[in-house]
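Structural description and commentary
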Amino acid sequence: MVSDGTHLVVLRQSVGAGHPDAVLVRTGGGSSGDASRTDYVRDAVGAKVPLVADTLLCDRFLLAEGELKPVLEVRYRRSRHRTRPHSAKDSLGTADMAGRPFHEPTQELSFVRNLSDGRFTALLVPTTVHGQQRWQIFAHNDATGRIDAFNVEQGKDGLFNTQGSQAWTSPDPRYRDTVYERGPGACPFTGQPLVPVAGADGYAGAAMSFDGAQDFAETRRDAPLAGGDFTVEFWVRRTEVGGRDDFAVGHGDPKGKSRQSLQIGFRSDNSFAFAFYKDDLKTTQKFTDADWHHWACVHERASRRQVVYRDGVEIERRTAGGAYAGTGILTLGKAIGRPGRMELDEVRIWNRARGGEELKREMGTSLIGNEPGLLAYYRFDEGDGDRLYDQTDNALNAELSGGLTWVASNAPVGDCPGLRRDSFAVAGRRVVSVLSAVLYHRQEQSPAGYGQESKPVKRQARVLLSCATAGPDPRTSAATEDAYLATVDFGVGRDGRLARIPGELKLPVLQRPEASEDAERISELDTRATRLARERGVPARGPVRAPLSDRGDRRRGPAVRPVRIAVSTPVSTGSRFAGRCPRPGATPRS
């Protein structure tokens, strides 16, 4: 439950498709929960299709006269529709002609998927615009085993604006980090008119550099491209030009077999190839620059059509001799044993043919990962490690080989202004509890008031996420039945978005006092230090803490750099040090 100052917002998980209380879709329209009915829509394998399943539902209530009451909305009284009247005589109201009230319908947050056991949490995060907030939702995704973090603009109605709205900032680069407004106006520092914040909201975070020798990434499972339409798109910057083939994406038979081996990239003469091995589309135009460009290759199986787009503009098309029939793993940075010399970012694989307008509209914006037909999606924002994580529910992750290098990306790809999704996991751990998140502000001593006395002042907003995790003992790597608390401390930007983090977090172990008596003694010393400071008129220097070597580095960095803390040993109830917790259903330790 979250309060936005006006409403109480209740978020709840919908039951799964197999649950006895599931509501199912009927063939003639509508839905029902009656298990005895036979007129239900069924999927490809014959299972009944649920109206909602394992996703997030939202309802709003008002507190009136000490009771929670559902929110009413205005509709036409005869048609019971929001915008379409029954006739010219139809009137608006909060109840129909029979006096039945129009309650605000339950909202389904369909972008949150694969929930189980209520493993989600939500809160509202402030922005620098007064009264403007953003929703932050953390949800454990059972399909991938990772935590999805959704940041959504709060609409004018208090709900979820996934499309987003235009923000405005100062035309002077010196003040762009300070000025952030919802509408046009004047910069308070320069007096000049505000300018729109760039739609792309900057650049992509990281990219992968391939040296053209032994560097590549490959999936461990087959990517199903044969038997249907597909689209492969990516951003690439060439680091060396000409003299040899430089392939960016490969699939199918690695030894090369006609229409069973896919190669996408540059030929030695600097043409671009969308090749089915000896049945190839090769552009007549040559490309020799070293700038970032978006490339897309579209194949329509029925017509055997191949189309190549560059930066959203069609470059060339042809009809292939036959449809692509290759099966096998997907490779990035290499095809049929020929590696590429390039920087690669934002690789998207679709099981449908995308059009030019669609490609151009979305090539500069990050995806959510659950778009229809999206087979695999690699953002390359891990920045570390030996794995590329697929951001879709298919979990078609890719393993890295060779001396691959992570680099900062200048590909012009930014976040959608309305909805952003990040996905991460704690290395070597799995989530075994519900998630919990809290918003807090760092406080600093600052002169305030007429007397300029030093007082605590709220500064940067931050979000602290916690959950219990299972796995080996983080100190000894020995098997254990104990669950350990993992926490992640996020900085919050001026626009209400959280700091980006790697796809896999390697959390350090936070050391603390071993016995509960030590923690209680520290609490007593905190109280004594505060009392003595007050009696002597000396500003308190903060709570007494264990030496840094005993408690780990808990200093928090700037907003753009999250601090991660993992906790490993049990402590007494009430201590400010988090610690080991029992598995769900076990008896808590004191």
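Below you will find a few notes about this structure. Since the model is a prediction, treat every value here as computed from it, not as a measurement.

Moving on, we get to the pattern of salt bridges. Counted according to the given criterion, the structure contains 43 salt bridges. When the shortest N-O distance is used, the salt bridge between R310 and D289 registers 3.1 Å. Residue R310 is found in strand β24 (residues 305-310), and its partner D289 is found in the loop between β22 (280-286) and β23 (293-300); the two are separated by 21 residues along the sequence. One network of salt bridges, in which partners are shared, links R379, D381, D415, R420, D422 and R500.

What follows concerns the pairing of β23. The element β23 is extensively covered by neighbouring structure, given that seven of its eight residues are classed as buried. Where strand β18 (residues 230-238) lies against β23, seven bridges are found, and the strand directions are antiparallel. Considered in β23, the bridge of W235 is made with H294. Sheet topology places β23 next to β24; six bridges connect them, and they run antiparallel. The partner of A296 across the bridge, within β24, is Y309. In textbook terms, the turn of a hairpin is the stretch between consecutive antiparallel strands, and for β23 and β24 this stretch comprises four residues, one of which, R304, has a positive phi near 60°.

Bringing the packing of aromatic side chains into the picture now. All chains considered together, the criterion is met by 13 aromatic pairs. With 5.2 Å between their ring centres and 55° between their planes, F111 and F150 make a pair best called tilted. Separated by 39 residues along the polypeptide, F111 in the loop between β9 (107-109) and β10 (120-126) and F150 in strand β12 (residues 146-154) bring together distant segments of the chain. This pair shows no difference in class: F111 is buried, exactly as F150 is. Consider the rings of F266 and W295, whose centres lie 5.7 Å apart with planes at 90°: the pair is edge-to-face. Here the residue F266 occupies a position in strand β20 (residues 261-266), and W295 occupies one in strand β23, the gap between them amounting to 29 residues.

Quick notes on the rules
Residues numbered from 1 in each chain as written. Predicted model: local features only at pLDDT ≥ 70, side-chain atom pairs only at ≥ 80, totals over all residues. Heavy atoms only, no water. Salt bridge = Lys/Arg side-chain N within 4 Å of Asp/Glu carboxyl O. Helix = DSSP H or I, 4+ residues; strand = E, 2+ residues; numbered from the N terminus. Buried < 20%, exposed > 50% of the residue type's maximum accessible area, 1.4 Å probe, protein only. Pairing = 2+ DSSP bridges. Phe/Tyr/Trp six-rings, centres within 6.5 Å; stacked < 30°, edge-to-face > 60°.

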